[in-house]
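Observations on the model geometry
The lines below spell out each chain.
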Amino acid sequence: MNVPKHIGFIMDGNGRWAKERNKTRTFGHRRGFENLIDILKVCQEIGVEYVTCYAFSTENWNRPKKEIDYLMKVPVEIYKKYSKKFTEKKIKINFIGRRDRIPKATLKAIETTEKDTENGSSMVVNIAFDYGSYNEITTCMKRIAKLVLNDKITIDEIDEKIIGENLFTFGSPNVDLLIRTSGEERISNFLLWQIAYSEFYFPAVYWPDFKKDQLLNAIDIYNSRNRRYGAVKEG
Ligand code: FPP
């Protein structure tokens with residue numbers, strides 16, 4: 001089995017999963033969070049080196065307050081319940097996204113978790129939180145403009161490598177396999193630069209039901225694809 005080096009997850013369908021069970025959307029996210037922890041374990045077991053998961057988008061602020069309040073608490077829960085485990089398992093956690101709109105306690109949990117896990121060498125997990133690609137690319141352009149203005153680089157030196165180094169995902173390779181659960185087949189402002197040559201997989205199951213079997217199945221399908229990167233391959 002050729003295991004993708006970097007898997008992206010759009011963890012969609014928590015709300016519908018909960019609705020089908022007459023439960024609140026927050027209940028669905030709670031289950032979704034538990035499932036994320038399970039899936040990360042499987043990813044590490046099978047040798048995935050980088051995972052990026054979409055936890056809260058720059059547009060998700062338009063959701064009901066209760067739901068936002070819960071999602072803002074998840075990084076605190078990650079810090080309290082999992083930071084130590086991640087450190088032991090050598091998992092490095094990065095939060096990618098805006099930092100200027102999230103509550104203080106959430107920000108503190110994010111920064112502490114990142115600090116605690118910074119030496120993790122087994123697997124990198126990027127949690128996209130108040131993340132949107134438009135914002136990431138805008139930020140990247142501003143950073144590069146500053147490098148030029150400060151005479152660190154010339155305009156002609158701007159290349160794909162410099163762009164990659166100024167995106168929030170710096171340090172992670174581009175995504176090999178992008179999985180969006182729940183049957184929706186769109187990207188929703190997620191990692192637009194980093195998925196240029198990704199394989200896409202859109203299983204119908206809601207995120208809380210996306211288990212180890214489905215992940216292994218997704219990897220089988222990924223293995224059956226012929227990645228050509230714009231070239232021609234024999235056979
Ligand atoms: C999309 O489902 C899911 C989200 C917007 C949030 C995903 C969050 C988690 C899985 C919890 C983990 C959180 C963190 C911070 C690590 P939806 O609510 O759009 O579902 P629906 O389309 O069925 O309504």
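Thresholds applied
Residues numbered from 1 in each chain as written. Predicted model: local features only at pLDDT ≥ 70, side-chain atom pairs only at ≥ 80, totals over all residues. Heavy atoms only, no water. Near = heavy atom within 4 Å. Polar contact = N/O pair within 3.5 Å; in protein donor to acceptor, adjacent residues only side chain to side chain. Areas by Shrake-Rupley, 256 points an atom, 1.4 Å probe, with all protein chains shown as cover. 1 Å grid on protein atoms, 1.4 Å probe; cavity = no way out; pocket = protein on both sides within 12 Å on 5 of 7 lines; lining within 4 Å. Sits in = over half its atoms within 2 Å of the grid points. Helix = DSSP H or I, 4+ residues; strand = E, 2+ residues; numbered from the N terminus. Pairing = 2+ DSSP bridges. Axes fitted to C-alpha atoms, helices over the stretch in contact; angles between N-to-C directions. Contact = heavy atoms within 4.5 Å. Points joined across faces, edges and corners; volume = space filled by probe spheres on them. Nonpolar A, V, L, I, M, F, W, Y, C, P; charged D, E, K, R; others polar. Parallel < 35°, antiparallel > 145°, perpendicular 65-115°, else oblique. Left-handed = near helix turned anticlockwise from the far one by under 90°.

Brief notes about the site of the ligand
Close to the ligand lie 21 residues; Met11, Gly15, Arg16, Arg25 and Arg63 are nearest. In this structure, Gly13 approaches the ligand through a main-chain N or O atom, which is 3.3 Å from an oxygen atom. Between Gly15 and the ligand, the recorded distance is 3.0 Å, taken from a backbone N or O atom to an oxygen atom. Notes on the ligand: free accessible area 630 Å², of which the protein chains cover 92%. Comparing atom positions with the cavity grids shows the ligand to sit within the largest pocket. For the shell around the ligand, the elements supplying multiple residues, two or more each, are helix 1 (14–19), helix 2 (25–46), helix 3 (65–88) and strand 4 (123–131).

Observations regarding the sheet that holds strand 2 (residues 50–57)
Reading across the sheet, the six strands line up as 3-4-2-1-5-6 and stay open at both edges, with parallel pairing between neighbours. Each having just a single partner strand, strand 3 (91–96) and strand 6 (199–201) make up the two edges of the open sheet. For this sheet the average axis-to-axis angle between neighbouring strands, irrespective of direction, equals 20°. Sheet topology places strand 5 (residues 177–180) next to strand 6; three bridges connect them, and they run parallel. Residue pairing for strand 6: Leu178 is matched across the bridge by Phe200. Lying on the sheet, helix 2 is in contact with strand 1 (6–10), strand 2, strand 3 and strand 4; it crosses strand 4 at an angle near 150°.

Some remarks on the layout of surface pockets
In this structure, the largest pocket occupies an estimated 630 Å³ of space. Together, 32 residues line the largest pocket, and Met11, Tyr54, Ala55, Asn60 and Arg63 are the ones closest to its centre. Every element with two or more residues in the lining of the largest pocket is listed here: helix 1, helix 2, strand 2, helix 3 and strand 4. Here the lining of the largest pocket is composed, by residue class, of 16 nonpolar, nine polar and seven charged. Put simply, the second largest pocket is a space of about 230 Å³. Its residues assigned to classes, the lining of the second largest pocket shows four nonpolar, six polar and three charged.

Section: the packing of helix 3 against helix 4 (residues 104–116)
Following both chains from N to C, one finds helix 3 and helix 4 inclined at 20°, their axes separated by 8 Å at the closest point. One way to sum up the angle between helix 3 and helix 4 is to call them roughly parallel. When the axes of helix 3 and helix 4 are compared, the crossing they make is left-handed. Taken together, the residues of helix 4 that come into contact with helix 3 (itself represented by Met72, Pro75, Val76, Ile78, Tyr79, Ser83 and Thr87) are Ala105, Thr106, Ala109, Ile110, Thr112, Thr113 and Asp116. Among the residues making up the contact of helix 3 with helix 4, the classes are represented as eight nonpolar, five polar and one charged.

Don't take any of this as a statement about function, it's just geometry.
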